[in-house]
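# Observations on the three-dimensional arrangement
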Amino acid sequence: MSASFVNFYNIYFLHVELILLFILTLIIIVHFIDKLYFKEKGDSKNLVFIIIILIFLIHHLLLDSVNSPKLIIFFYGYFIYSNFIVWLKIVMLTVLIFYFVLLLIYNQIIKVPLFEYIVLILTAFLGSFLFMISNHLFVMFVFLELVNLCLYCLIGLNKYSNKGIEASFKYFVQSSLATIVGFFGISLIYLSMGTLFIHELHILYVAGAFNNITILGLTFILFSLFFKMGLFPFHSWLPEVYQGSLLLTAAFIAIIPKTAYILVFLRLIVEFYGTLEHISFMFAFFSVIYGSIITLYQTTFRRLIAYGSMVHLGFIIMSISLYGVYTIAAAIFYLLFYIYLTVFNFAIMIFFFERNYKTLEITFIDDLSRLSIITNKNKLMIFFFSFILFSFAGLPVFVGFISK
Amino acid sequence: MLLMISIISIVYYIRLIRFLFFTEKKDAKVKYFSNIEYTYYIYYLITLLFIINMIIVFFHNTIFLYILKLIIGSFF
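### Things to note about the overall build of chain B
Helix and strand counts for chain B come out as four helices and one strand. Its helices and strands in sequence order give chain B the pattern α-α-β-α-α, from N to C terminus. Looking at the 76 residues of chain B, the share that counts as buried comes to 17%.

Here is the structure:
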């Protein structure tokens, strides 16, 4: 990989993250001023405010990406910056805008604690961005934990079901274990190589300085990443979290952090080609097989979507593991379609809510056998939903076919 | 092998489509539940997403080449 250094003190390339941090701080300050002096809730206003600023951010990024250099390392070597990362950030920010629109619609059906929700989502988003651009393994895992801490809270925010707390606790325990494994891998790499900067490790790898302990450390880091992605056999938290959390929390977990994980996985594969592809290909392959078979036995819709996401990630990881320009481009292309279809899917899933006549309680139609109830509601939606399913399946004419 | 995993991975979506069009408990939908009135924004959003889909279908080659160029520039 060709990389060039710029001024070590330069933080210009962190502008998006700094603006996000500024927005986050502003929301918190405005909220507390509202609470203390005006006794009002300005959450919806804040939300619209965020959406508008994010649109400007995307515009700024688009303009910036035209003249950005090939790949640069900056800020004491801790972060990287490239055209591809800028493009991926634009995709993620676009998803975030759709996500906030969905959140506004969702909030009209089921009330969520908006302030907490927005702050946690934005913090997790910021963590994902910083995780993506990290060039130091330790810093990378610190930001990974920032994302995960927000996710534990987000999953537990489901006050309509006890399953949320249960899923949050399960995810917390298992994810902590995975992080420990990752840190153990990092310590093994530091023990054998004496550095944690990825570009320095790449130079050492090319020079043939890697030994078995280093490769073992890299494998542990890979396991930790696979756990966070939810690949087989580290997937036990995935269906629980999809089922227990709020609908939009599941949507967030399905898209934003996973995109960041895939980018980091891609970097590890490219930098240390020849060490990790075989093992990652095996895990991805078994994820596709296991996910496909186990999904056939599911009776609830959300668990089915969870296993479905496992299969799609398996395809992406498998394609990246083959290591070629064309296969990696195909994997990113597949990732783009996966993101788009997941957003579309969760937008349609808002129609799956129903209100009880007697108790006026709103519930989510999760049972597959009662899925046809939505046909009674809206014939147009059934067309869109079947369209999404055909796309996910990858039948010809639909978008999923192009990516496959 | 690729053909086999492709076939395996689409079967469950086809199964889901069966559930979408045919109901097993026909009385459940009329007995207990009423519909929720949704805001028009959701319809606008879904229409927008569908239009994006059409754009992707027609320009998928351009998008793929753009990704290829980005990857070559950034990682190789």
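### Things to note about the overall build of chain A
If you tally the helices and strands in chain A, you get 16 helices and five strands. Taking 22 Å as the expected radius of gyration for a compact globule of 404 residues, we find that chain A reaches 21 Å, a close match to that expectation. Overall, the C-alpha framework of chain A stretches about 70 × 55 × 40 Å when taken along its three principal axes. Out of the 404 residues belonging to chain A, those deemed buried represent 49%. Within chain A, contacts between residues separated by at least 24 positions form 73% of all contacts whose residues are at least 6 apart in sequence.

### Some points on the interface of chain B and chain A
Listed as interface residues are 48 residues of chain B and, on the opposing side, 56 residues of chain A. Of all the elements in the fold, those that place two or more residues in the side of chain B that touches chain A are helix H1 (2-21), helix H2 (28-31), strand S1 (33-34), helix H3 (40-58) and helix H4 (60-75) of chain B.

### Description of H4(B)
In this model, H4(B) (16 residues) spans 22 Å end to end at C-alpha, consistent with the 22 Å of a helix rising 1.5 Å per residue. Among the residues of H4(B), those classed as buried are B:Ile67, B:Leu70, B:Ile71 and B:Ser74. The buried residues of H4(B) occupy an angular sector of 100° when the element is viewed end-on, so they sit on one face. Within H4(B), the exposed residues directed more than 90 degrees away from the buried face are B:Asn61, B:Thr62 and B:Leu65. For H4(B), the secondary structure elements touched by its buried residues are strand S2 (71-74), strand S3 (79-82), helix H3 (83-109) and helix H13 (325-349) of chain A.

### Description of the confidence of the model for chain B
Atom-level detail of predicted coordinates should not be read off regions where pLDDT is low. Per-residue confidence for chain B averages 75 on the pLDDT scale, and 78% of its residues sit at or above 70. Ranking the elements of chain B by mean pLDDT puts H2(B) last with 53 and H3(B) first with 85.

### Topic: the packing of helix H6 (residues 163-193) of chain A against helix H8 (residues 212-229) of chain A
Residue and element names in this part refer to chain A. At a closest axis distance of 7 Å, the pairing of H6 and H8 adopts a crossing angle of 160°. Looking at the two axes, H6 sits roughly antiparallel to H8. Considering how the two elements wind past one another, H6 and H8 form a crossing that is left-handed. For the pair formed by H6 and H8, the contact residues are Ala178, Thr179, Val181, Gly182, Phe184, Gly185, Ile186, Leu188, Ile189, Leu191, Ser192 and Met193 on the first element and Ile213, Thr214, Leu216, Gly217, Leu218, Phe220, Ile221, Phe223, Ser224, Phe227 and Lys228 on the second. Grouping the amino acids of the contact of H6 with H8 by side-chain chemistry returns 15 nonpolar, seven polar and one charged.

### Observations regarding unusual backbone geometry
Residues and elements named next belong to chain A. Each neighbour pair has its own omega, and for phenylalanine 232 with proline 233 the value is 5°, a cis peptide bond. Within the secondary structure, proline 233 is located in the loop between H8 and helix H9 (237-244). You will see that tyrosine 76, though not glycine, has its phi angle at about 60°, which is positive. Here tyrosine 76 lies in the loop between S2 and S3. Look at tyrosine 76 and you get exposed, because 11 C-beta atoms sit within 10 Å. Of note, the phi angle at tyrosine 323 is positive, near 55°, even though the residue is not glycine. One can find tyrosine 323 in the loop between helix H12 (301-321) and H13. Of the residues examined, tyrosine 323 has 17 C-beta atoms within 10 Å and is grouped as partly exposed.

### Some remarks on the nonpolar core
By size, the foremost hydrophobic cluster in this structure holds 153 residues, and its most contacted members are A:Leu231, A:Val264 and A:Phe265. When sequence neighbours within four positions are dropped, the list of residues in contact with A:Phe265 reads A:Leu225, A:Ile317 and A:Ile320.

### Quick look at the pairing of S3(A)
All names here are of chain A. The two faces of S3 match: Phe79 and Tyr81 on one face and Ile80 and Ser82 on the other face are all buried. Bridge count between S2 and S3: four bridges; the pairing is antiparallel. Directly across from isoleucine 73, in S3, lies its bridge partner isoleucine 80.

### Considerations on the environment of A:Tyr171
All names here are of chain A. In this fold, tyrosine 171 is placed in helix H6. You can call tyrosine 171 buried: it has 23 C-beta atoms within 10 Å. Separated by 70 residues in the primary sequence, tyrosine 171 and valine 241 have C-alpha atoms spaced 7.3 Å apart. Sequence-distant contacts of tyrosine 171, defined by excluding residues within four places in its chain, comprise Tyr152, Ile155, Trp237 and Val241.

### Section: the environment of A:Leu36
Residue and element names in this part refer to chain A. With respect to the secondary-structure elements, leucine 36 resides in helix H1 (residues 15-38). Here leucine 36 falls in the exposed class, since 8 other C-beta atoms lie within 10 Å of it. For the pair leucine 36 and leucine 313, spaced 277 residues apart in sequence, the C-alpha to C-alpha distance is 46 Å.

Definitions and limits used
Here, residues in each chain are numbered from 1, in the same order as that chain's written sequence. Think of it this way: whatever chain is written first is A, whatever ligand is written first is 1, and the rest follow in order. pLDDT decides what is reported in this predicted model: residues at 70 or higher carry local features, side-chain atom pairs at 80 or more are listed and counted, and totals for whole chains, interfaces and linings draw on all residues regardless. Comment: elements are numbered from the N terminus, with helices defined as DSSP H or I runs of at least four residues and strands as E runs of at least two. Three exposure classes are used. Buried residues have 20 or more other C-beta atoms within 10 Å of their own C-beta, exposed residues have 12 or fewer, and partly exposed residues fall in between, all C-beta atoms being placed from the backbone. Computation of the radius of gyration draws on C-alpha atoms, with the globule rule given as 2.2 Å multiplied by the number of residues to the power 0.38. Any pair of residues counts as being in contact when their C-beta atoms, constructed from backbone geometry, are within 7 Å of one another. Helices are assigned an expected span. That span is 1.5 Å times one less than the residue count. The arc in question is the one traced by the directions running from the helix axis out to the C-beta atoms. The predictor attaches a confidence to each residue, and that confidence, scored 0 to 100, is pLDDT. Note on method: axes are straight lines fitted to C-alpha atoms, helices fitted across the in-contact stretch only, with angles between N-to-C directions ranging 0 to 180 degrees. Each angle gets one of four labels, with under 35 degrees taken as roughly parallel, over 145 as roughly antiparallel, 65 to 115 as roughly perpendicular, and the rest as oblique. Handedness of each helix crossing follows the sense of rotation of the near helix against the far helix: counterclockwise by less than a right angle gives left-handed, clockwise gives right-handed. Basically, the charged four are Asp, Glu, Lys and Arg, the nonpolar ten are Ala, Val, Leu, Ile, Met, Phe, Trp, Tyr, Cys and Pro, and anything else, Gly included, counts as polar. In this description, a nonpolar core means buried residues of the types Ala, Val, Leu, Ile, Met, Phe, Trp, Tyr and Cys, linked to one another by C-beta atoms lying within 7 Å. At least two DSSP bridges between two strands are needed for those strands to be called paired.

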